[in-house]
Amino acid sequence: MRTAVVCGGPPDLPFLSDYFEKNEIDVTIAADRGYNYLTEIGRRPDILLGDYDSVEQGAGGIAFSGGKMYTYPAEKDFSDSEAALNVAMDIMKARGELGRLDFLCATGGRLDHFLANIGLLNTALRAGIDARILDAKNEIRLIDRSISLRREEIGGRYVSIIPYTERVENVTLRGFHYPLEGAAVTREGTLTISNLCEAEEAEIRFGRGILILILSED
């Protein structure tokens, strides 16, 4: 099962349109202003949710039909993106499929929301969901175990890892331009920023902890 959540951050409409053309999505969730972005590229969400403080509305309110709509108060203890994640997790659990979840329009703009969205990746990780934040230049996810990355998966993008937990021990990088062997990595350093894959398959191995993995391009 693959789910897309369109958030309310600054939109890149060409990227958004290209994403939906190239990916087969089972459930599309619009979080508040994300509904406007989907409308602009000629797409309709399966689910619309939020407090609707940012959705463009006509005289009759929001023109939405053919899907589910969840309305929350403006003064609440969670963001619209978090509400979207919770709805997505409920759907996945009901279907018995903990698949992939992509957050779109979730970067740029307000940094508080962006950092909070990275925290939502950890919520998804704990639930066993492969969640990512995507934009035209970046792919961001959290990993809590060693992984291998294929060169074709990385493309020509830079590979960076940043500790999500305070410290990650025994970090080993193989198949990269800048290899590493058994290093302790902390949030304060920049040792593991902007690496490049040089092998057909590159390895990121580490001990206990969680890493933010970022694939990015200029």
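No experiment lies behind these values; they were computed from the predicted model shown.

Rules of the game
- Residues numbered from 1 in each chain as written.
- Predicted model: local features only at pLDDT ≥ 70, side-chain atom pairs only at ≥ 80, totals over all residues.
- Heavy atoms only, no water.
- Buried < 20%, exposed > 50% of the residue type's maximum accessible area, 1.4 Å probe, protein only.
- Helix = DSSP H or I, 4+ residues; strand = E, 2+ residues; numbered from the N terminus.
- Arc of directions from axis to C-beta.
- Contact = heavy atoms within 4.5 Å.
- Pairing = 2+ DSSP bridges.
- Salt bridge = Lys/Arg side-chain N within 4 Å of Asp/Glu carboxyl O.
- Axes fitted to C-alpha atoms, helices over the stretch in contact; angles between N-to-C directions.
- Polar contact = N/O pair within 3.5 Å; in protein donor to acceptor, adjacent residues only side chain to side chain.
- Parallel < 35°, antiparallel > 145°, perpendicular 65-115°, else oblique.
- Left-handed = near helix turned anticlockwise from the far one by under 90°.

Quick word on helix α1 (residues 13-22)
Considered for burial, the residues of α1 that qualify are Phe15, Leu16, Tyr19 and Phe20. One side of α1 carries all its buried residues, which in axial view fall inside an arc of 130°. Among the exposed residues of α1, those pointing more than 90 degrees away from its buried face are Pro14, Glu21 and Lys22. Buried-residue contacts for α1 involve β1 (2-6), β2 (27-31), α2 (34-40), β5 (100-104) and β6 (130-134).

Here we look at the pairing of strand β10 (residues 167-174)
Pairing of β10 with strand β11 (residues 180-186) involves four bridges; the strand directions are antiparallel. Note on β11: the bridge partner recorded for Val171 is Ala183. Linking β10 back to β11 in an antiparallel pair, the connection comprises five residues, with Gly175 at a positive phi of about 85°. Sheet analysis places β10 next to strand β12 (residues 201-205), joined by three bridges and oriented antiparallel. Bridging from a neighbouring strand, Arg174 pairs with Glu203 of β12.

So, the pattern of salt bridges
Taken as a whole and assessed by the stated rule, the structure comprises 15 salt bridges. For Arg100, the salt bridge is made with Asp102, and the minimal N-O distance between the two is 2.9 Å. Since its relative accessible area comes to 0%, Asp102 is described here as buried. Bridged by salt links that share partners, the residues Asp130, Arg132, Glu139 and Arg157 form one connected network.

Considerations on the sheet that holds strand β8 (residues 147-150)
Spatial ordering of the open sheet is given by β8-β12-β10-β11, a layout of four strands whose pairing is antiparallel. The open sheet has two free edges, formed respectively by β8 and β11, since each of these has just one partner strand. With strand direction ignored, the average angle separating the axes of adjacent strands in the sheet is 25°.

Examining the side chain of Thr172
Locating Thr172 in the fold gives a position in strand β10. Of the residues examined, Thr172 reaches a relative accessible area of 6% and is grouped as buried. A polar contact is formed between the side chain of Thr172 and the backbone nitrogen of Gly182, at a distance of 3.0 Å.

Structural notes on the packing of helix α3 (residues 80-95) against helix α4 (residues 111-126)
Direction vectors running N to C along α3 and α4 enclose 15°, while the axes themselves pass 10 Å from each other. With respect to α4, the axis of α3 lies roughly parallel. The way α3 lies across α4 gives a crossing that is right-handed. In this structure, α3 contributes Ser81, Glu82, Leu85 and Met89 to the contact, and α4 contributes Asn117, Leu120, Thr123 and Ala124.

All quantities given are derived from atomic positions and should not be read as evidence of function.
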